Each structure stands twice: as structure tokens, then as C-alpha cells.
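# Per-entry structural report
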Amino acid sequence: VELGHTAYLSKSGHRIRLAISSSNSPRFEPNPNSPFDFHQHKRLHVAVNSIYYGGDTPSSVRLPVLSQMP
């Protein structure tokens, strides 16, 4: 998933939380998780999210660290 460029300055000792979701409701319209276009069907499907790690299917989050602000 390509998220594009972003930046965040955090102080030493702060933590980062990664939340994985199938939706960003109410900011965006909920995803019905169906193979059809939005608004074609009203039936919602439960999504199953998987995170693969290790072996042939590793997952990763890359967070470049700058030692000083430009």
C-alpha cells in the first residue's frame, strides 16, 4: 500500500502505533467489502485483514529517520 509522502516530528521516547483497518469511517464512506461497485448492493460483508510476516511473505513498515531537520 503506497501512502505517499508525509512527515511527523516526534520527540525522543515517543511511541508509534500502527492501526490496520478496512475502513476510515466516518471520514470516508464505509467499505461494503463486496466485489461490486459502491452503491450497487446494500449487503455488507465482513472483512478479514491478514498480516504476513517472515518467510516468503514478510510485512514491514519503513520509517526513515532524519538526524536533524533540513
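Residues numbered from 1 in each chain as written. Predicted model: local features only at pLDDT ≥ 70, side-chain atom pairs only at ≥ 80, totals over all residues. Heavy atoms only, no water.

## Side note on the overall build of the chain
Filter applied, for reference: For helices the rule is a DSSP run of H or I covering at least 4 residues; for strands it is a run of E covering at least 2, with both sets numbered from the N terminus onward. Here the term buried applies to any residue with accessible area under 20% of the maximum for its type, exposed to any over 50%, and partly exposed to those in between, with areas from a 1.4 Å probe on protein chains only. Under the convention used here, a 1.4 Å probe and the Shrake-Rupley method define accessible areas, while residue burial counts only the protein chains that appear.
Counting secondary structure elements, the chain contains zero helices and zero strands. Residues counted as buried form 3% of the 70 residues belonging to the chain. For the chain, the exposed area adds up to about 7,900 Å²; of that, 54% sits on carbon and sulfur atoms.

## Describing the environment of I51
Put simply, the rule reads: Residue contacts are defined here by distance: any two heavy atoms, one from each residue, within 4.5 Å place the two residues in contact.
By relative accessible area, I51 is classed as exposed at 53%. Sequence separation of I51 and I20 is 31 residues, and the distance between their C-alpha atoms is 9.0 Å. The residues touching I51, leaving out its near neighbours within four places in the chain, are I20 and S59.

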